[in-house]
Amino acid sequence: MFTRLFKPSRLCFSTMVNRNISVALLQLNVGRDRAINLKNAVSKIAEAKNGGAELVALSECFNSPYGVKFFEEYAENIPDGPSCTLLSKAAKEHGIYIVGGTIPERDNSKLYNTCTVWNPNGELIAKYRKMHLFDIDIPGGITFKESESLTAGSSLVTFNVDNVKFGIGVCYDMRFEELAKLYRQQNCDVLIYPGAFNMTTGPLHWELLQRSRAVDNQVFVCAISPARAEKGYIAWGHSQVTNPWGKVLAKAGYNEEILYCDLNFQECNEVRQQIPVFPQRRIDIYDTVLTNNPNVEKSAQ
Ligand SMILES: O=C(O)CCC(=O)C(=O)O
């Protein structure tokens, strides 16, 4: 037991990154017309590049309305569809990384809610399919059932910007601490969540969840929302960047906005040295609690 307890975790040896990355989160208006949504995204990507961003990120369903009834109609093949073609071109033209929010993806008979990432050569370097589908029912609040139309992904996906590692999640995924922890175990320094929280859970949980994932895992968290619409699915907005101390570094309002922030990775090194929770974890105890405990499952019903 003690051997395990004091065995240095490989997290102690994660690469010390001494670099800043300038990110821009694009909180955009999204409507029914895909061509207008894409045109707006391309123009705001150019604006963000001119504003100094090295990495630009879009929201969940940045090219289509967000709703179960829309996924089929707006679904595209990856990487051949019109949205990917434009994102690849924009990344290459501006020499930047683009985290392409999500688009409804068609793969044979299945649909996914998928995030693509493009490097400065316009190449697809990551494709992540939302792993936890947004199925909730809050009477008088919001009922949503993505699983009526979508299939869940089953793979963690990371990408690198130089030697900084990013882990990808989509919206509802940010509720699942286990996913974030697995990314931290893979030495990620940033978790990025294209999202679209709503007017019921947004005010309650959007900021709280991001600060929790950041402080638990001592990583930066970036979350990107669409701007608030007047009808249809009304997103909460408030795209946000949180540092590894859990402090909110930048937060948008709810209208269309480009949110700029510099991520200084010295902060990851500092918090991990000063509050070394990872080597202190009692994994000798947690393993027995977390691994498929049938009683937990039962009481959670
Ligand atoms: O978790 C929530 O409350 C919202 C999640 C959501 O909107 C989504 O997964 O798209």
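Residues numbered from 1 in each chain as written. Predicted model: local features only at pLDDT ≥ 70, side-chain atom pairs only at ≥ 80, totals over all residues. Heavy atoms only, no water.

Here we look at the side chain of Ser22
Mapping Ser22 onto the fold places it in strand S1 (residues 20-27). A distance of 2.8 Å separates a polar atom in the side chain of Ser22 from a polar atom in the side chain of Asp262. When sequence neighbours within four positions are dropped, the list of residues in contact with Ser22 reads Gly52, Ala53, Glu54, Leu55, Cys261 and Asp262. (Helix = DSSP H or I, 4+ residues; strand = E, 2+ residues; numbered from the N terminus. Polar contact = N/O pair within 3.5 Å; in protein donor to acceptor, adjacent residues only side chain to side chain. Contact = heavy atoms within 4.5 Å.)

Things to note about the confidence of the model for the chain
Scored by pLDDT, the chain comes out at a mean of 92, with 89% of its residues at no less than 70. Across residues 1-14 the pLDDT falls below 50, and counting only partners more than four positions away or on other chains, this stretch makes 19 contacts in the model. The complex model carries a pTM of 0.92, and its ipTM stands at 0.98. (pLDDT = per-residue confidence, 0-100.)

Some remarks on the site of the ligand
Glu60, Tyr66, Lys130, Phe134, Cys171, Tyr172, Arg175, Ala196, Phe197, Asn198, Thr201 and Tyr233 make up every residue found near the ligand. Between the ligand and Tyr172, the relevant distance is 3.0 Å, taken from an oxygen atom to a main-chain nitrogen or oxygen of the residue. Within the contact set of the ligand, an oxygen atom lies 2.7 Å away from a side-chain nitrogen or oxygen of Arg175. Compared with its free state, where it exposes 300 Å², the ligand has 100% of that area covered by protein. (Near = heavy atom within 4 Å. Areas by Shrake-Rupley, 256 points an atom, 1.4 Å probe, with all protein chains shown as cover.)

Observations concerning the packing of helix H2 (residues 34-50) against helix H4 (residues 82-94)
H4 packs onto H2 with a crossing angle of 15° between their chain directions and a minimal axis gap of 11 Å. The angle between H2 and H4 falls in the class roughly parallel. Handedness of the H2/H4 crossing: right-handed. Judged by residue contacts, Arg34, Leu38, Val42, Ile45, Ala46 and Lys49 of H2 engage Pro82, Ser83, Leu86, Leu87, Ala90 and His94 from H4. For the contact of H2 with H4, the class distribution of residues is eight nonpolar, two polar and two charged. (Axes fitted to C-alpha atoms, helices over the stretch in contact; angles between N-to-C directions. Parallel < 35°, antiparallel > 145°, perpendicular 65-115°, else oblique. Left-handed = near helix turned anticlockwise from the far one by under 90°. Nonpolar A, V, L, I, M, F, W, Y, C, P; charged D, E, K, R; others polar.)

As for empty space enclosed by the protein
Overall, the coordinates contain one cavity of 30 Å³ or more when judged by the stated rule. Of the volumes computed, that of the largest cavity is approximately 60 Å³. Here the lining of the largest cavity is built from residues that sort into seven nonpolar, two polar and one charged. (1 Å grid on protein atoms, 1.4 Å probe; cavity = no way out; pocket = protein on both sides within 12 Å on 5 of 7 lines; lining within 4 Å. Points joined across faces, edges and corners; volume = space filled by probe spheres on them.)

Examining the pattern of salt bridges
Counted according to the given criterion, the structure contains 15 salt bridges. In this structure, Glu146 engages Lys130 in a salt bridge whose closest nitrogen and oxygen atoms are separated by 3.0 Å. Of this pair, Glu146 sits in the loop between strand S8 (143-145) and strand S9 (158-161) while Lys130 sits in the loop between strand S6 (124-129) and strand S7 (135-137), and the two are 16 residues apart along the sequence. The buried category is assigned to Glu146, whose relative accessible area is 0%. Overall, the relative accessible area of 0% leaves Lys130 in the buried class. Put simply, Glu105, Asp107, Lys127 and Arg129 are held in one network by salt bridges that share partners. (Salt bridge = Lys/Arg side-chain N within 4 Å of Asp/Glu carboxyl O. Buried < 20%, exposed > 50% of the residue type's maximum accessible area, 1.4 Å probe, protein only.)

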